[in-house]
Amino acid sequence: MNKNTLKKALSKLPLGDVRYFDSVGSTNNEALAWATSGAKDLSLVIADEQSAGRGRLDRKWFTPKGTSLAFSLILRPTADEKPHLTRTVGLAALAIADSLRTRGLVAQIKWPNDVLLNGHKVAGILTESVWSGDEADCLVIGIGVNVLKGAVPSPELLQFPATSLEDALGPAIQRTEVLHDILAGMLALRPHLGSSSFIATWEKALAFRGEQVQIEGGGPAPITGKLLGLESDGSLRLLDEHDNSITVRFGDVRLRPRA
Ligand code: BT5
């Protein structure tokens, strides 16, 4: 990947400006700084390598050179979109899942921010905001996708098993084509962000629906219950053992270990 191949691949998309780096700390950090200094809506930061890629809660995201997609899209939400910003992680996850579906793969979304292929993590999403008072002025949607096998970290670095698109599709997979399709998918879904069908579509793509799961990191103790679906803000809806509905806003979902 280089500036020219990227420019060609993205030429038909109505993006803002594009900044490409051979290597960078974190595309989200670059995008947050750029958003603060006035980046246009739909501006894009993309890197061939990240030396300090981030996940949630300051966890590491590995992006070895020449193997992955690591990019951050800047959204300047309209007044209509502002009430629905908690759904943007779903927007990204659905766009990634759709781009895999068009390649014949069945992708699932592990709430809140992972995309799985055959139960292994192939992509992660980190959304962050630039605040103006108590309103989000700008949103940065950071996406990492393991395209080639070399992107997949060794198992001892991971909390959850990982895979790559090459593992599923073979080595002919082109990073710029996948990038194009994910961005095109996000642009196509954006007008539907506030609709009720958006939540229904997101729900259908969730992994572990109807199964007993454990949520870690959502509170002082793990929460367990049956995964029912999503609330309208994208929070997770569970049913506990006493048939009470529980709403979970943060955490990592795991299948509940069998007793
Ligand atoms: C995520 O966090 O999955 C969000 C990842 C977002 C990365 C993108 S790349 C572009 C942009 N710039 C950034 O700096 N970040 C974004 P979380 O759910 O917290 O998962 C983090 C965990 O995933 C780590 O603790 C590892 O266990 C695992 N992990 C790290 N690198 C991985 C990889 N390449 N593939 C699969 N799993 C990985």
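What counts, and at which threshold
- Residues numbered from 1 in each chain as written.
- Predicted model: local features only at pLDDT ≥ 70, side-chain atom pairs only at ≥ 80, totals over all residues.
- Heavy atoms only, no water.
- Pairing = 2+ DSSP bridges.
- Helix = DSSP H or I, 4+ residues; strand = E, 2+ residues; numbered from the N terminus.
- Axes fitted to C-alpha atoms, helices over the stretch in contact; angles between N-to-C directions.
- Near = heavy atom within 4 Å.
- Polar contact = N/O pair within 3.5 Å; in protein donor to acceptor, adjacent residues only side chain to side chain.
- Areas by Shrake-Rupley, 256 points an atom, 1.4 Å probe, with all protein chains shown as cover.
- Nonpolar A, V, L, I, M, F, W, Y, C, P; charged D, E, K, R; others polar.
- Parallel < 35°, antiparallel > 145°, perpendicular 65-115°, else oblique.
- Left-handed = near helix turned anticlockwise from the far one by under 90°.
- Contact = heavy atoms within 4.5 Å.

## Here's the deal with the sheet that holds strand E9 (residues 223-230)
Phase 1: Strand order across the open sheet formed by 5 strands is E11-E10-E9-E8-E12, with antiparallel pairing between neighbours. The open sheet is flanked by strand E11 (245-248) and strand E12 (252-255), the only strands paired with a single partner. Within the sheet, the average angular offset between the axes of one strand and its neighbour, ignoring direction, is 50 degrees.
Phase 2: Pairing analysis gives 4 bridges linking strand E10 (residues 236-239) to E11, with the strands arranged antiparallel. For Leu 236, the partnering residue across the bridge sits in E11 and is Val 248.

## Notes on the site of the ligand
Phase 1: Looking at the ligand, there are 30 residues lining it, with Ser 26, Arg 54, Arg 59, Lys 121 and Asn 146 nearest.
Phase 2: At 2.8 Å, a side-chain N or O of Lys 121 approaches an oxygen atom of the ligand.
Phase 3: Contact between the ligand and Asn 146: a nitrogen atom at 2.8 Å from a side-chain N or O atom of the residue.
Phase 4: For the ligand, the accessible surface in isolation is 790 Å², of which the surrounding protein chains cover 97%.
Phase 5: Put simply, the parts of the chain that give the shell around the ligand at least two residues each are helix H2 (27-36), strand E3 (68-75), strand E6 (120-132) and strand E7 (135-146).
Phase 6: The class makeup of the residues in the shell around the ligand is 11 nonpolar, 13 polar and 6 charged.

## Quick look at the packing of helix H3 (residues 88-101) against helix H6 (residues 196-204)
Phase 1: For the pair H3 and H6, interaxial distance at closest approach is 10 Å and the crossing angle is 55 degrees. One finds that H3 runs oblique with respect to H6. Viewed along their axes, H3 and H6 form a crossing whose handedness is left-handed. Across from Val 89, Gly 90, Leu 91 and Leu 94 in H3, the residues of H6 making contact are Phe 198, Thr 201 and Trp 202.

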